[in-house]
Amino acid sequence: MDRPAPRIEREGLAGRRTVGPIDASQVPRFAGPATFARLPRADEVPGWTVAVAGVPFDSGVSYRPGARFGPAAVREASRLLRPYHPGLDVEPFAVVQVVDAGDIVATPFDIEEAIGQVGAGAMALIEGGRRLVAVGGDHTISLPLLRAHARNEGPLALVHFDAHLDTWDTYFGAPYTHGTPFRRAFEEGLLAEDHCLHVGTRGPLYGATDLTNDAGMGFRVVTSAQMDELGPAGVATRIRERVGDAPLYLSVDIDVLDPAHAPGTGTPEAGGLSSRELLGVLRRLVGLRLVGADVVEVAPAYDHAEITAIAASHVVYELIGLLAIRAAQASSTPDGSNASEDRVSHLAPGVSDGL
Ligand SMILES: [Mn+2]
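None of these values were measured; they are calculated from a predicted model.

Concerning the overall build of the chain
Across its full length, the chain holds nine helices and 10 strands. For 355 residues, the compact-globule estimate of 2.2 N^0.38 gives 20 Å, and the chain sits close to it at 19 Å. When the backbone C-alpha atoms are referred to their principal axes, the chain occupies close to 55 × 45 × 35 Å. Taken over 355 residues, the chain has a buried fraction of 55%. At a minimum sequence separation of 6, the contacts of the chain that also span at least 24 residues come to 75%.

Observations concerning the nonpolar core
What tends to happen in soluble globular proteins is that the nonpolar side chains get buried as a cluster. With 104 residues, the main nonpolar core has Val118, Leu248, Ile254, Val316, Leu319 and Ala324 as its most contacted residues. With 15 residues, the top contributor of residues to this core is helix α9 (residues 307–331). The residues touching Val118, leaving out its near neighbours within four places in the chain, are Val55, Phe57, Ile104, Ala106, Ile141, Pro144 and Leu145.

Looking at the sheet that holds strand β10 (residues 290–296)
Overall, parallel pairing links the eight strands, which are arranged β4-β3-β5-β10-β9-β6-β7-β8 in an open sheet. A strand with exactly one partner marks an edge of an open sheet, and here the two such strands are β4 (98–103) and β8 (219–223). Taking the axes of each pair of neighbouring strands and ignoring which way they run, one obtains an average angle of 15° across the sheet.

Brief notes about the confidence of the model for the chain
Per-residue pLDDT for the chain has a mean of 94; in total, 93% of the residues score no lower than 70. Here residues 346–354 is a poorly scored stretch, pLDDT under 50, and it has 17 contacts once near neighbours within four places are set aside; other chains count.

Digging into the pairing of strand β5 (residues 131–136)
Burial analysis of β5 places six of its six residues in the buried class, which makes it a mostly covered element. Burial along β5 is two-sided: Arg131, Val133 and Val135 facing one way and Leu132, Ala134 and Gly136 facing the other are all buried. Relative to β5, strand β3 (residues 50–55) runs parallel, the two sharing six bridges. Note on β5: the bridge partner recorded for Ala51 is Leu132. Judged from the three bridges that link them, β5 and β10 form a sheet pairing that is parallel. Of the residues in β10, the one forming a bridge with Ala134 is Asp294.

What to know about helix α7 (residues 226–243)
The end-to-end C-alpha separation of α7 is 19 Å, well short of the 26 Å expected for 18 residues at 1.5 Å each. At Pro232, α7 is bent by approximately 85°, the largest bend along its length. What α7 keeps buried is the set Met227, Pro232, Val235, Ala236, Ile239, Arg242 and Val243. Turning to α7, the residues buried within the fold contact β6 (157–161), β7 (196–201), β8, β9 (248–253) and α8 (275–282). In the stretch just after α7, Gly244 is the one whose phi turns positive, near 60°.

Quick word on the environment of Pro4
Residue position: Pro4 is located in the segment before β1 (7–11). Separated by 18 residues in sequence, Pro4 and Ile22 place their C-alpha atoms 9.6 Å apart.

Brief notes about the packing of α7 against α8
One can describe the packing of α7 onto α8 by two numbers: an axis separation of 6 Å at closest approach and a directional angle of 35°. Pair α7 / α8 crosses with left-handed handedness. Seen from α7, the contacting residues are Met227, Pro232, Val235 and Ala236; seen from α8, they are Glu277, Gly280 and Val281. Class assignment for the residues of the contact of α7 with α8 results in five nonpolar, one polar and one charged.

A few points about unusual backbone geometry
With an omega dihedral of 15°, the bond running from Gly136 to Gly137 counts as a cis peptide bond. Tracing the chain through its elements places Gly137 in the loop between β5 and α4 (142–153). Its identity as a non-glycine residue notwithstanding, Ala37 has a phi of 55°, on the positive side. Checked against the element boundaries, Ala37 lands in the loop between β2 (17–22) and β3. Ala37 gets classed as buried once you count the C-beta atoms within 10 Å, which come to 24.

Digging into helix α1 (residues 70–77)
Because each turn of an α-helix spans 3.6 residues, side chains separated by three or four positions in sequence point in the same direction. Counting buried positions over the eight residues of α1 gives six, a clear majority of the element. Every buried residue of α1 is accounted for by Gly70, Pro71, Ala73, Val74, Arg75 and Ala77. Buried positions along α1 lie against β3, β4, β5 and α9.

The rules behind the values
Residues numbered from 1 in each chain as written. Predicted model: local features only at pLDDT ≥ 70, side-chain atom pairs only at ≥ 80, totals over all residues. Helix = DSSP H or I, 4+ residues; strand = E, 2+ residues; numbered from the N terminus. Rg over C-alpha atoms; globule rule 2.2 N^0.38 Å. Buried ≥ 20, exposed ≤ 12 C-beta atoms within 10 Å, placed from the backbone. Contact = placed C-beta atoms within 7 Å. Core = buried A, V, L, I, M, F, W, Y, C linked by C-beta atoms within 7 Å. Pairing = 2+ DSSP bridges. Axes fitted to C-alpha atoms, helices over the stretch in contact; angles between N-to-C directions. pLDDT = per-residue confidence, 0-100. Expected span 1.5 Å × (residues − 1). Bend = angle between axes of the 7 residues up to and from the residue. Left-handed = near helix turned anticlockwise from the far one by under 90°. Nonpolar A, V, L, I, M, F, W, Y, C, P; charged D, E, K, R; others polar.

Rendered as structure tokens:
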């Protein structure tokens, strides 16, 4: 393209101009290089509030490798995301400036060095209260991401969507792997006591002590099977009760979805959530103090027709919607008026209709 791509520009919070996705009525969605949702790169706008960044690191996996290709696959699969979210009644890219910040580069040869690189990369991105949705990569990356956010926000409420607990101690003696980040986070004091929850766990464990050890670290669990009784609204209520007003970090391992909805992942387990259920839970979390999030474990080599990457791209979009609404709520005047209120009408928690 020999001229800048035409982008959707809007007036966002406090009258600030936001530069959104490339206009799909002028440039077809399948044309041009992929950024997340065809948003501008960070270096194409003067400043931003929310970034999507890839973390293509998968040297911490225990089974199928390949999540290093997750960020590229999620970007490709995100081309069809549109600017308006009807379930949340928000235009997330209009309310705040959202960008694709590229990839946080980490060595594939040394896990501890990579963890340092991811942490430093994340710290730079979230400086000054900016928000990050990281796209993995394997679940190892959540440890440095939690470290970075806890440094800014203090101990975090962690809501962890995953088939697995990820609170094991070591694998082959290795303390830093994709199955251990949340035990390390607990040990390091990054997590807020009595505010952490796993959602969607299932499948065989090494033993019953996996669960008692996990509970001993202060985690509670809503299993995948409980989705049948509670439904997305009930699960969201459990989450809201657990998190309260603590700063919230959301970590979504795409294997929380059933392999029918996410075949392209490293450690699939039968009996998982549908993508509809996961999205339905997430969009009922409006009003919580979301400070950061990641979506991990998309391994495109095992995917089919982009099923997994599409699901992940929608999860990221959902998270951006929550962050945009959070930013709008934070900047609302006491009488509730707000320059971009027409882009966000559901500012109250407990969105339940039209989801
Ligand atoms: Mn995991």
